[in-house]
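Fold and contact review
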Amino acid sequence: MGAKVSLIILFTLLIASCSAKSKQYTPCKSLVLFFHDIIYNGNNAGNATSAIVAAPEGGNLTKLAGQFHFGNIVVFDDPITLDNNLHSKPVGRAQGFYIYDTKNTYTAWLGFTFVLNTTDHQGTITFAGADPIMQKTRDISVTGGTGDFFMHRGIATIMTDAFEGEVYFRLRVDIKFYDCWSY
Amino acid sequence: MGAKVSLIILFTLLIASCSAKSKQYTPCKSLVLFFHDIIYNGNNAGNATSAIVAAPEGGNLTKLAGQFHFGNIVVFDDPITLDNNLHSKPVGRAQGFYIYDTKNTYTAWLGFTFVLNTTDHQGTITFAGADPIMQKTRDISVTGGTGDFFMHRGIATIMTDAFEGEVYFRLRVDIKFYDCWSY
Amino acid sequence: MGAKVSLIILFTLLIASCSAKSKQYTPCKSLVLFFHDIIYNGNNAGNATSAIVAAPEGGNLTKLAGQFHFGNIVVFDDPITLDNNLHSKPVGRAQGFYIYDTKNTYTAWLGFTFVLNTTDHQGTITFAGADPIMQKTRDISVTGGTGDFFMHRGIATIMTDAFEGEVYFRLRVDIKFYDCWSY
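Conventions and cut-offs
Residues numbered from 1 in each chain as written. Chains lettered and ligands numbered in written order. Predicted model: local features only at pLDDT ≥ 70, side-chain atom pairs only at ≥ 80, totals over all residues. Heavy atoms only, no water. Core = buried A, V, L, I, M, F, W, Y, C linked by side-chain atoms within 4.5 Å. Buried < 20%, exposed > 50% of the residue type's maximum accessible area, 1.4 Å probe, protein only. Contact = heavy atoms within 4.5 Å. Helix = DSSP H or I, 4+ residues; strand = E, 2+ residues; numbered from the N terminus. Polar contact = N/O pair within 3.5 Å; in protein donor to acceptor, adjacent residues only side chain to side chain. Disulfide = S-S within 2.5 Å. Salt bridge = Lys/Arg side-chain N within 4 Å of Asp/Glu carboxyl O. Phe/Tyr/Trp six-rings, centres within 6.5 Å; stacked < 30°, edge-to-face > 60°.

What follows covers the nonpolar core. Of all hydrophobic cores here, the largest spans 36 residues; its most connected members are Ile73 and Phe97 of chain A, Ile73 and Phe97 of chain B together with Ile73 and Phe97 of chain C. Sequence-distant contacts of Phe97 of chain B, defined by excluding residues within four places in its chain, comprise Phe97, Ile99 and Trp109 of chain A, Val74, Val75, Phe76, Trp109, Leu110, Gly111 and Phe112 of chain B together with Phe97 of chain C. Grouped together as the second largest cluster of nonpolar side chains are 33 residues, Leu110, Ile125, Ile140 and Cys180 of chain A included.

Let us look at the side chain of Arg170 of chain C. Residues and elements named next belong to chain C. Within the fold, Arg170 resides in strand β9 (residues 168–179). The exposure class assigned to Arg170 is buried, which follows from its relative accessible area of 12%. Side chain to side chain, Arg170 and Tyr168 meet in a polar contact 3.3 Å long. Sequence-distant contacts of Arg170, that is, excluding residues within four places in its chain, are made with Phe34, Phe35, His36, Asn84, Met159, Thr160, Asp161 and Ala162.

Take unusual backbone geometry next. Residue and element names in this part refer to chain A. Phi angles above zero are rare outside glycine, and Gln67 is one such case at about 50°. The residue Gln67 is located in the loop between β2 (50–54) and β3 (73–81) in this model. Look at Gln67 and you get exposed, because its relative accessible area is 52%.

Let us look at the state of the cysteines. Residue and element names in this part refer to chain B. With the rule as written, the count across this model stands at three disulfides over all chains. Across the disulfide, Cys28 is cross-linked to Cys180 (sulfur-sulfur distance 2.1 Å). Residues Cys28 and Cys180 are joined through a disulfide that is right-handed, its torsion about the S-S bond being 90°. One end of the pair, Cys28, is in the loop between α1 (2–23) and β1 (29–38); the other, Cys180, is in the segment after β9 (168–179), and 152 residues separate them in sequence. We classify Cys180 as buried; its relative accessible area is 17%.

Residue and element names in this part refer to chain A. Scanning all chains against the criterion turns up twelve salt bridges over all chains. Linking Arg138 and Asp131 is a salt bridge whose minimum nitrogen-to-oxygen distance equals 2.6 Å. The residues Arg138 and Asp131 share a single accessibility class, namely buried.

This brings us to the environment of Val53 of chain C. Counting through the fold element by element, Val53 of chain C comes out in strand β2 (residues 50–54). The exposure class assigned to Val53 of chain C is buried, which follows from its relative accessible area of 4%. Taking the C-alpha atoms as reference points, Val53 of chain C and Phe97 of chain C, 44 residues apart in sequence, are found 9.8 Å from one another. Sequence-distant contacts of Val53 of chain C, that is, excluding residues within four places in its chain, are made with Ala54, Ala55, Pro56, Gly71 and Ile73 of chain B together with Leu61, Ile73 and Val75 of chain C.

The next thing to look at is the packing of aromatic side chains. Following the criterion strictly, the structure yields 53 aromatic pairs over all chains and no others. Note on Phe76 of chain C and Tyr98 of chain C: the rings are 5.6 Å apart at their centroids and 35° apart in plane angle, and the pair reads as tilted. You can see Phe76 of chain C sitting in strand β3 (residues 73–81) and its partner Tyr98 of chain C sitting in strand β4 (residues 92–100), a full 22 residues away along the chain. In this structure, Phe76 of chain C and Tyr98 of chain C share a single accessibility class: buried. Through a chain of ring-to-ring contacts, the aromatic side chains of Phe35, Phe76, Tyr98, Tyr100, Phe112, Phe114, Phe127 and Phe169 of chain A assemble into a single cluster.

Structural measurements only, silent on function.
Right, here's the structure in full:
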């Protein structure tokens, strides 16, 4: 009798355990980071961390295009910091590109990687997704990772933390990993 | 005796159950959607939903390049519909880019996101992959999702449902999710 | 007594088995492939497999830009071979793009797909990530696959196997899949 009860309990525990492993909703790891983007405008070559490299017909490479910048591609190598201060010691670089892809509002498509290199974190985190910039928070996908983030997947919530004209912006990125692998 | 048999059956069931959870072939969710791309050609600014923003040497931004459009990058914000009618009420936007990347046939590389916003579906689905356009059906990867598609992965089968000159095309996208997370 | 011991052993085995399935560190599949990139420089149209399609201000499309090529986007359709010989029979094509994204060293962001079409392998493998070119080995993410690589994920270790001026390079790609699905 006791053995049967044990079996049932065991069965329930194991099913729960298997499910939880691959489908948990609670993050297995979290990180909050900021990155800072200074777009080249023809006069700030020393400070700029990004550059317009493609533009729609009639556009140019030192000024974001009209029509909500539709058609601009910007390449970036931005410092990542632990707080919202551009001058804090960087913990890595955010590298990749964004594309302004809407004609009637500010929306971008992002493809980039966080390259982290500190005593706390060694490795990369790769992101992809749509960024409806005018919304307070936007979720994009964390599609992969390497090093300390080996095979990780998750969701990143992006917030525009500062925005100064068309030259500087700062994004706060709340990364929640739901699929963590370790070795 | 009965207990031993039970154990063996239990063991088999559990192994099967664990495997099935993470490796099932049957989709856990399916969606069929259409999206519509109208490329800007210099004369259709009002209707166009996409624009050429990069071209190879000698190319321009109002006409797709020769040599199978090799080297063109197109940025898009296309309406998504439930059927194949361009004028149906959109259920979201397909946002991202495609790159014509072959010199001897029509092939593109796609990076884009479906942003869905209806009573049925709230959330994003992100796609990446090679699109050998001349094949009847092509499979690309669904690399992530947010909202109702939280952490989802799957395969999208793309079909060219209509193609009119070099200005309009419509794609049918059969999305099959094999990894579904819920919360 | 014996039944209790069996239960404990069974429990341990099953937990280990469930974990291993979704989180194993040992690759479930491995591949080593090479691909070959010949950049169009204005004089090699016949042989070139890639082309510069975007450049920063002051750049052009037949010569990689100064400042570590920062801001160049290159589109490619490169042959994949099983060994390091450019003239070996290709087993597929590497299709996608890379973006030089740093001003003070050679770093690229890669988004591309291996399209394999042989008796051994039918299907696609999609990659994304940062490539700090000057490091001997670099890890990027395998974010998805189709066909024989249905739903696969993994890590690709990239090595520059040859580099000739600014026209030819060859990459060795060690792909290790840690998440394999079959059907």
